[in-house]
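Fold and geometry: a report
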Amino acid sequence: MNRLRWLLHDSWVEAERHLRIIPRNVELLIFASIQPIMFLAIFVYVFGGSIVIPGFDNYDQFLMPGIFAQTLVFGSAFTGIGLADDLQKGLVDRLRSLPMSRSAVIVGRTISDLVRNLFTFVVMIVVALAIGFRFTGGAVDAIAATALLVLFSYALSWVQAVIGLSVSSVEAANSAGFIWMFPLTFVSSAFVDPSNMPGWLRPVADANPFTLVTNSARALYNGNPVGTDAWWALAWSIGIIVVFSTMAARRFSRSTAG
Amino acid sequence: MDGIVKTFGDTRALDGVDLAVPRGAVYGLLGPNGAGKTTSVRVLTTLLRPDAGTARIDGIDVAADPHAVRQRIGLTGQYAAVEERLTARENLGFVGRLFHLPRARVAARADELLERFDLADAADRVVKGFSGGMRRRLDIAMSLIAEPSVLFLDEPTTGLDPRSRLGMWDVIEELAADGTTVLLTTQYLEEADRLAEQIVVIDHGRVIAEGSPDELKQRIGGARLSVRIARPENQERAMSTLTPLCAGEVVSDDARTGFSAPIIAGDGVVPGVIRALDDAGVDVLDVEVRRPSLDDVFLVLTGRTTDAEEDAS
């Protein structure tokens, strides 16, 4: 068997280990879906009336792509928490002593987290449509927008993997995994127009890859011109995957349960 | 293992360890916390690369061809490394498939192991509800799924209650009877004594003694006699009565009611001692012959007890 086939086979076995668990933990699934729905409702009904975005008649059409993006990004934290848990329980030691592909442990984990994230995403889209959100850009653009968001979230899974393999406990993985996602998602164009931010913060928000991803998805969902943002968003996601998968693989071969 | 050295920062965790386990043997790697037992296992199971020296499993160098080594070993670490949200059968299944065994083979082997490790009734239950002993048994079963030529058991009974520990001992004895090559580490001398045919004592990253449990015990000589009497004023009379019966100096404790001395172990010592003391008019409370334990061996070899080391680390 060649290396690639091993990687695919082993990654699938690992992904299956996590995927089997998902339907058994209905509680987790319900709460994981309630949180984004709650965010959606809070922003639409609490802030919606007070926020006016130039170029958008309706704040919902501006906001929802931002919430979609944020939810997917937050979902990436599962990867780091899960790996830290495997590490702490000694499962990583066991896996490292098996004649399996090394990368498969993390690839399998990121893939199963992707599936879980997609589920949450679908639930959210349904709720968004019920509240009044519309894909005005057509089906192809909506699919492209979704693919961009999912890819970016998948890329951040690899960042979380590095974090999960670097910290010493699940609790640390939990806080280290979430803390940077607040500035990442709020200092961006997800909820407001960055041009109203203080002068020093604006360039940060503009350069934030999350802004690029959100802007691209928003433009595609709403049928507006995308410009080069989508290509930059794509480049960021691929760059993050390349850099962090290398780091994660290196961390993995050194990690121990001690 | 040949001259294995592994350092972490300033500490030499392994300082030139040599170790050879013949096929089919059960070896015990015995030492206090921090002696280098786990590090040795981690080097042999490809989890750590040694800084110097070579280690081979079935003649295959662990550093040169870790993948081939991983196909021949089973590892049960200090933590029961099981996926607690899956069932016992699913746990065996996922490990079997990561060994790239055919599905049918994995299923058959899983049934066999579940039966053998007394987990058949719990096979389709989620591991979360398992007791510590059940988890460890499943853990060992997972290590055996691909019929490894060497099984590593790193402190297999640490953290188990006494009953589960006895159950685990039975399991390991059965493995030994089946001819599985086992290297087990333990800090319980009793455990090495019972399970291992050959014991390697390590301390501060070096092998300090090696031999069968009996050979190690012989190193510190024969048995000791302990006697306790009721009245301290009989101290001298007791000592003079005991001296001709013993093989060496009779030592008295501070309370002047307890005595101990080396004896040539044999039948009839205890009744002889009681009769002599009784004839001398000494009121005996208790007579005991204690054969040396591995704790005594450890004390002689290292100059300290295992407990003292544990407290210090």
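Data block above holds the structure.
These figures come from a predicted structure and were not determined experimentally.

All names here are of chain B. Reading across the sheet, the four strands line up as S13-S14-S12-S15 and stay open at both edges, with antiparallel pairing between neighbours. The sheet is open, and its two edges are formed by strand S13 (251–252) and strand S15 (284–290), each paired on a single side. Summarising the sheet, strand S12 (residues 223–229) and S15 pair through six bridges and their orientation is antiparallel. Along S15, the bridge assignment pairs Leu-225 with Val-289. Helix H10 (residues 269–279) contacts S12, strand S14 (258–263) and S15 of the sheet and is inclined by roughly 155° relative to S15.

The next thing to look at is a nonpolar patch on the surface. Taken together, Val-26, Ile-30, Phe-31, Ile-34, Met-38, Ile-42, Tyr-45, Val-46 and Phe-47 of chain A make up a surface patch of nonpolar side chains, about 890 Å² in accessible area. If you trace the backbone, Ile-34 of chain A turns up in helix H2 (residues 26–47).

Residues and elements named next belong to chain B. Under the definition given, this model contains 30 salt bridges over all chains. As a salt-bridge pair, Glu-84 and Arg-135 come within 3.0 Å of each other at their nearest N and O atoms. In this pair, Glu-84 sits in the loop between strand S7 (73–76) and helix H3 (88–98) while Arg-135 sits in helix H5 (residues 132–143), placing the two residues 51 residues apart along the sequence. This pair shows no difference in class: Glu-84 is buried, exactly as Arg-135 is. The salt bridge involving Glu-112 is made with Arg-109; its shortest N-O contact spans 2.7 Å.

About the cut-offs
Residues numbered from 1 in each chain as written. Chains lettered and ligands numbered in written order. Predicted model: local features only at pLDDT ≥ 70, side-chain atom pairs only at ≥ 80, totals over all residues. Heavy atoms only, no water. Pairing = 2+ DSSP bridges. Helix = DSSP H or I, 4+ residues; strand = E, 2+ residues; numbered from the N terminus. Contact = heavy atoms within 4.5 Å. Axes fitted to C-alpha atoms, helices over the stretch in contact; angles between N-to-C directions. Patch = residues over 30% accessible without salt bridge, like charges linked within 9 Å, V, L, I, M, F, W, Y side chains within 5 Å. Areas by Shrake-Rupley, 256 points an atom, 1.4 Å probe, with all protein chains shown as cover. Salt bridge = Lys/Arg side-chain N within 4 Å of Asp/Glu carboxyl O. Buried < 20%, exposed > 50% of the residue type's maximum accessible area, 1.4 Å probe, protein only.

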